[in-house]
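# Geometric and topological summary
Given next are the chains, with one letter for each unit.
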Amino acid sequence: MAQYAANEIENLPDSPVAREDLGAGGASRGAGARSPLFWKVLLLSVAVVWGYSFTTMKGALDTIPAFELVYVRFLPASLVMFAIFHKRIVAHFNARNLIVGLGMGALMWGAYGLQTVGLAQTTAGKNAFLTGTYCILVPFASYFLSGEKLTRYNLGAALLCLAGIGLVALDSVEFNIGDVITLAGAVFFAIQMAVTAKYGRKMDINVITFWMFMGNGVLSLVSSLLFETQAPLSVWTPSFIGAMAFLSVGCTCVALLIQNVGLAHVPASTGSLLLSMESPSGALFSVLLMGEALTSRLLAGFALIFLSIILSETHFDFLRKKPRTRL
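Every residue gets a number counted from 1 within its own chain, in the order that chain's sequence is written. Totals for whole chains, interfaces and linings use all residues, but because this is a predicted model, local features are given only for residues with pLDDT of at least 70 and pairs of side-chain atoms are given and counted only at 80 or more. Side-chain measures here rest on the full set of heavy atoms in the structure, leaving out hydrogens and waters.

## Let's talk about the overall build of the protein
Basically, it comes down to this: Helix numbers and strand numbers start at the N terminus; a helix is a DSSP run of H or I with at least 4 residues, a strand a run of E with at least 2. Where accessible areas are quoted, they stem from the Shrake-Rupley method and a 1.4 Å probe; at the residue level, only the protein chains shown are allowed to cover.
Each helix and strand counted, the protein has 13 helices and zero strands in total. Starting at the N terminus and walking to the C terminus, you meet the elements of the protein as α-α-α-α-α-α-α-α-α-α-α-α-α. Accessible surface, the protein: about 15,600 Å² in total, of which carbon and sulfur atoms supply 70%.

## Looking at the pattern of salt bridges
Oppositely charged side chains can pair when the atoms bearing their charge come close. Just so we agree on the cut-off: Counted as salt bridges are all cases of a side-chain nitrogen of Lys or Arg within 4 Å of a carboxyl oxygen of Asp or Glu. To sort residues, take the accessible area from a 1.4 Å probe on protein chains only and compare it with the maximum for the residue type: under 20% means buried, over 50% means exposed, and anything in between is partly exposed.
Inspection of the entire model under this criterion finds one salt bridge. Here Arg88 makes a salt bridge to Asp204, at a shortest N to O gap of 3.2 Å. Taken as a pair, Arg88 in helix α3 (residues 66–91) and Asp204 in the loop between α8 (177–199) and α9 (205–227) lie far apart in primary sequence, 116 residues in all. For the pair Arg88 and Asp204, a shared accessibility class is recorded, and that class is buried.

## Some words on the confidence of the model for the protein
Note the following rule: Per residue, pLDDT measures the predictor's confidence, with a range of 0 to 100. Contacts between residues were defined by any pair of non-hydrogen atoms, one from each residue, lying within 4.5 Å.
Residue-level pLDDT values for the protein average 81, and 82% of them are 70 or greater. Contacts from residues 15–20, a stretch scored under 50 in pLDDT, to residues over four places away or in other chains number eleven contacts. Low confidence marks residues 22–30, where pLDDT is under 50. Its contacts with residues over four positions away, or in another chain, come to nine contacts.

## Observations concerning a nonpolar patch on the surface
Selection criterion: Note that patches include only residues with greater than 30% relative accessible area and no salt bridge, and the join distances are 9 Å for like charges and 5 Å for nonpolar side chains (Val, Leu, Ile, Met, Phe, Trp, Tyr).
Nonpolar side chains collect at one region of the surface, where Leu137, Val187, Phe188 and Ile191 lie side by side and expose about 280 Å² of accessible area between them. Mapped onto the elements, Val187 comes out in helix α8. Judged by relative accessible area, Val187 falls into the partly exposed class, the value being 39%.

## Digging into helix α11 (residues 268–275)
Burial runs high along α11: eight of the eight residues are buried. Listed as buried for α11 are Ala268, Ser269, Thr270, Gly271, Ser272, Leu273, Leu274 and Leu275.

## Some remarks on the environment of Tyr112
Examined against the element boundaries, Tyr112 turns out to sit in helix α4 (residues 95–119). The sequence separation of Tyr112 and Phe188 amounts to 76 residues, and the corresponding C-alpha distance is 8.6 Å. When near neighbours in sequence (up to four residues on either side) are disregarded, Tyr112 contacts Trp50, Val70, Arg73, Phe74, Phe189, Asn216 and Leu256.

## Remarks on helix α10 (residues 238–263)
Note the threshold: Every helix has an expected span of 1.5 Å times one less than the residues it contains. Note that the bend at a residue is defined as the angle between axes fitted to the seven residues ending at it and the seven residues starting at it.
Between its terminal C-alpha atoms α10 stretches 35 Å, which fits the 38 Å expected from 26 residues at 1.5 Å a residue. In α10, a bend of some 30° at Ala255 exceeds every other bend along the element.

## Remarks on the environment of Gly103
Tracing the chain through its elements places Gly103 in helix α4. Classification of Gly103 as partly exposed rests on a relative accessible area of 29%.

## Observations concerning the packing of aromatic side chains
Stated formally: Working definition: rings of Phe, Tyr and Trp (its six-membered ring) pair if their centres are within 6.5 Å, and the pair is stacked with planes under 30 degrees apart, edge-to-face with planes over 60 apart, and tilted otherwise. For a Lys NZ or an Arg CZ to count as sitting over a ring, it must be within 6 Å of the ring centre and within 35 degrees of the ring normal.
If you walk through the whole model with that rule in mind, you get twelve aromatic pairs. Taking the centre distance of 5.0 Å and the plane angle of 85° together, the rings of Phe38 and Trp39 count as edge-to-face. When its relative accessible area of 31% is taken as the criterion, Phe38 is described as partly exposed. Measuring from centroid to centroid gives 5.4 Å for Tyr143 and Phe144, while their planes differ by 75°, and the two rings are edge-to-face. Put simply, the rings of Phe74, Tyr112, Tyr134, Phe189 and Phe213 touch in pairs and so form one group of aromatic residues. The ring of Tyr199 is capped by Lys198, whose NZ or CZ atom sits 5.9 Å from the centre of that ring.

## With respect to the packing of helix α2 (residues 36–60) against α11
Cut-off, in case you're wondering: Only C-alpha atoms enter the line fits that serve as axes; for helices the fit covers just the stretch in contact. Angles between N-to-C directions range over 0 to 180 degrees. Put simply, a crossing is left-handed when the front helix is turned counterclockwise from the back one by less than a right angle, and right-handed when it is turned clockwise. Think of it as three bins: nonpolar holds Ala, Val, Leu, Ile, Met, Phe, Trp, Tyr, Cys and Pro, charged holds Asp, Glu, Lys and Arg, and polar takes everything else, Gly as well.
Relative to each other, α2 and α11 sit at 35°, their axes nearing to 8 Å. Viewed along their axes, α2 and α11 form a crossing whose handedness is right-handed. The segment α2 lies against α11, with Lys40, Leu43, Leu44, Val46, Ala47 and Trp50 engaging Thr270, Gly271, Leu274 and Leu275. Across the contact of α2 with α11, the residue classes tally to seven nonpolar, two polar and one charged.

## What about the side chain of Ser223?
What counts, and what does not: A 3.5 Å cut-off defines polar contacts: any pair of N or O atoms within that distance qualifies, except that in protein one atom must be a possible hydrogen donor and the other a possible acceptor, and neighbouring residues in sequence count only when both atoms are side-chain atoms.
Relative to the helices and strands, Ser223 resides in helix α9. One polar contact links Ser223 to Trp109, side chain to side chain, over a distance of 3.2 Å. If sequence neighbours within four positions are ignored, Ser223 has contacts with Phe67, Trp109 and Glu228.

## A look at the environment of Gln121
Summarising the element assignment, Gln121 is placed in the loop between α4 and α5 (124–131). The exposure class assigned to Gln121 is partly exposed, which follows from its relative accessible area of 38%. Gln121 sits 56 residues away from Ile177 along the chain, and the two C-alpha atoms are 7.4 Å apart.

## What to know about the packing of α11 against helix α13 (residues 296–314)
For clarity, the threshold we go by: Orientation is classified from the angle alone, with under 35 degrees giving roughly parallel, over 145 giving roughly antiparallel, 65 to 115 giving roughly perpendicular, and any other angle giving oblique.
Two numbers describe how α11 lies on α13: the axes approach to 11 Å, and their chain directions differ by 160°. Comparing their axes, α13 and α11 come out roughly antiparallel. Note that α11 runs across α13; the crossing there is left-handed. Judged by residue contacts, Thr270, Leu273 and Leu274 of α11 engage Ser308, Ile309, Ser312 and Glu313 from α13.

Okay, here's the thing in structure tokens:
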């Protein structure tokens, strides 16, 4: 069913690829000409930024409700995107881009909404760990949606990474309703990443990212107006506005755009593994900036995460004996 729906969307007409994306003879240029390693490094950088942002989000939830935080992040981000890419957005205004972009926005609305609601009812560490379970779910979602090869190395690396994240982030194994809500959000994150990886390789990723931001922002605004009491104007101090600007421009507009473009240039399973580094990077910032102790449990977790990336990238081929060359 998922594959059939995906094929139907692909059959919809679309505008030509933007001229600035093509060089002489139709060859890729700009982002499309970058090596996979370039995008892997950027995806890892995004994870570090998100790890740093966990404490900012947790603090913001003490001031404004969950869906208000989400629309305050995504609606300004969509305005920034439109200001930068308005020519492309207008040129590619058609049913295919609207369906894919707004569909991605609905998935992000579910993912961020559930993650943010869950964060309000659990610890930042458990929220980061349970969100990071998408690294196991993405290979399966990509397999069912687009037929991306599912290998034992993908699964092994994801399990190693998840074990490492658990050692880094978990302070207990007790579950509450906030943990269940966060886990549901991880499912939405996984599906959204698989959809982005599939369509980002064939469509203008900047355009569908704009519609993703807009769709998520509008849905979150409606949800907030229906179910939440809006924060009073008195909470919008200069320092709080600065924190929201960091979340909206840095962690949403820039970081999510890089995520979407990166997922269009590397396998979804590899991209999700690199993005899941947001949890251990959050713990690392706690050690460096907040004086948290660097325990043996944290070191063991970092080691497992490092091993998971090596397994994903090399399959441990360097450990296998190579046949000797006969003279």
